[in-house]
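# Structural overview
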Amino acid sequence: MNFRRFAPALLLASLTLGAAASHAEGLRFFPGADAGFKFEPTLAITAGVMDASGARDSSMTVYGLDFNMNCGLFQTPDNRIRTHVQFNRVDESGVKSSAFELSPRYTLPVGGGFSVGAGPVLAAVMVDNGNNDKTLFGYGAVAGLNFRSGPLYLGADVRYLNTTERDNVQFENWAVLAKLGINF
């Protein structure tokens, strides 16, 4: 399946949602320093599929960890910006990859413990394609669905990541991830 054709639409939606959030009335900077601010952290394991260029078989299994919390750097009055820090790993089809991703997302509650969110992604990706190994810069967009109920956290993400190319190593990819975790 060629997910790359959806990249411009996902990136545009993410940037539009981010721009709307940044123009919100009462945007606060460094709210994490406020005495009453609640980070509401979550830790989850992730697993899914990745479609990556530069791999012999473009469909691979990806797994990792997701840590997310209310953003302590900038925030809307109703705490709708959550920062996701993810570590994802791939070791399949002659490619080994470890990615560290940072993604602030504007979220909207949709009721019953569910929320949807979207935002940009910045990443450092260590890739070994069997011939070379390089650390690449990545950028992209992500959209996700989350469910929180007491300590239970469930989520799903669709993420596009474009990477730089160095010495014939590149790792542009799409990933669809499921998440299972705990709210603290």
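That block above? That's the structure.
Just so you know, these numbers come straight off a predicted model, no measurement behind them.

Attention now goes to the overall build of the protein chain. For the protein chain, the count of helices and strands is one helix and 10 strands. The secondary structure elements of the protein chain, listed N-terminal to C-terminal, are α-β-β-β-β-β-β-β-β-β-β. The buried share among the 184 residues of the protein chain stands at 41%. Long-range contacts, defined here as pairs at least 24 residues apart, represent 57% of the contacts in the protein chain between residues at least 6 apart. Accessible surface, the protein chain: about 9,300 Å² in total, of which carbon and sulfur atoms supply 65%.

Another point: the environment of Phe137. Counting through the fold element by element, Phe137 comes out in strand S8 (residues 133–149). A C-alpha to C-alpha distance of 10.0 Å links Phe137 and Arg166, two positions 29 residues apart in sequence. Excluding anything up to four places from it in sequence, Phe137 contacts Leu122, Ala123, Asn162, Thr163 and Thr164.

With that out of the way, let us pick up the pairing of strand S10 (residues 173–183). Pairing of strand S2 (residues 42–52) with S10, which is carried by 11 bridges, proceeds in the antiparallel orientation. Residue Thr46 lies in a different strand from S10, and its bridge partner there is Lys179. Pairing of strand S9 (residues 152–163) with S10, which is carried by 10 bridges, proceeds in the antiparallel orientation. Among the inter-strand pairings, Leu154 is bridged to a residue of S10, identified as Leu180.

You can see Thr76 is positioned in the loop between strand S4 (74–75) and strand S5 (81–92). What makes Thr76 buried here is its relative accessible area of 1%. A polar contact is formed between the side chain of Thr76 and the backbone nitrogen of Arg80, at a distance of 3.0 Å.

Examined bridge by bridge, S5 and strand S6 (residues 95–111) share 12 bridges and lie antiparallel to one another. Considered in S6, the bridge of Asn88 is made with Ala99. The turn joining S5 and S6, which pair antiparallel and follow one another in sequence, is formed by two residues; a positive phi near 55° is taken by Ser93. Of the strand pairs in this sheet, S6 and strand S7 (residues 114–128) are connected by 12 bridges, and their pairing is antiparallel. Looking across to S7, one finds that Leu108 is bridged to Val116. Hairpin geometry of S6 and S7 is characterised by an intervening segment of two residues between the two adjacent antiparallel strands and by a positive phi of about 65° at Gly112.

The next thing to look at is the side chain of Glu172. Topologically, Glu172 is positioned in the loop between S9 and S10. Of note is the side chain of Glu172, whose polar atom sits 2.6 Å from the side chain of Tyr160.

Definitions and cut-offs
- Residues numbered from 1 in each chain as written.
- Predicted model: local features only at pLDDT ≥ 70, side-chain atom pairs only at ≥ 80, totals over all residues.
- Heavy atoms only, no water.
- Helix = DSSP H or I, 4+ residues; strand = E, 2+ residues; numbered from the N terminus.
- Buried < 20%, exposed > 50% of the residue type's maximum accessible area, 1.4 Å probe, protein only.
- Contact = heavy atoms within 4.5 Å.
- Areas by Shrake-Rupley, 256 points an atom, 1.4 Å probe, with all protein chains shown as cover.
- Pairing = 2+ DSSP bridges.
- Polar contact = N/O pair within 3.5 Å; in protein donor to acceptor, adjacent residues only side chain to side chain.

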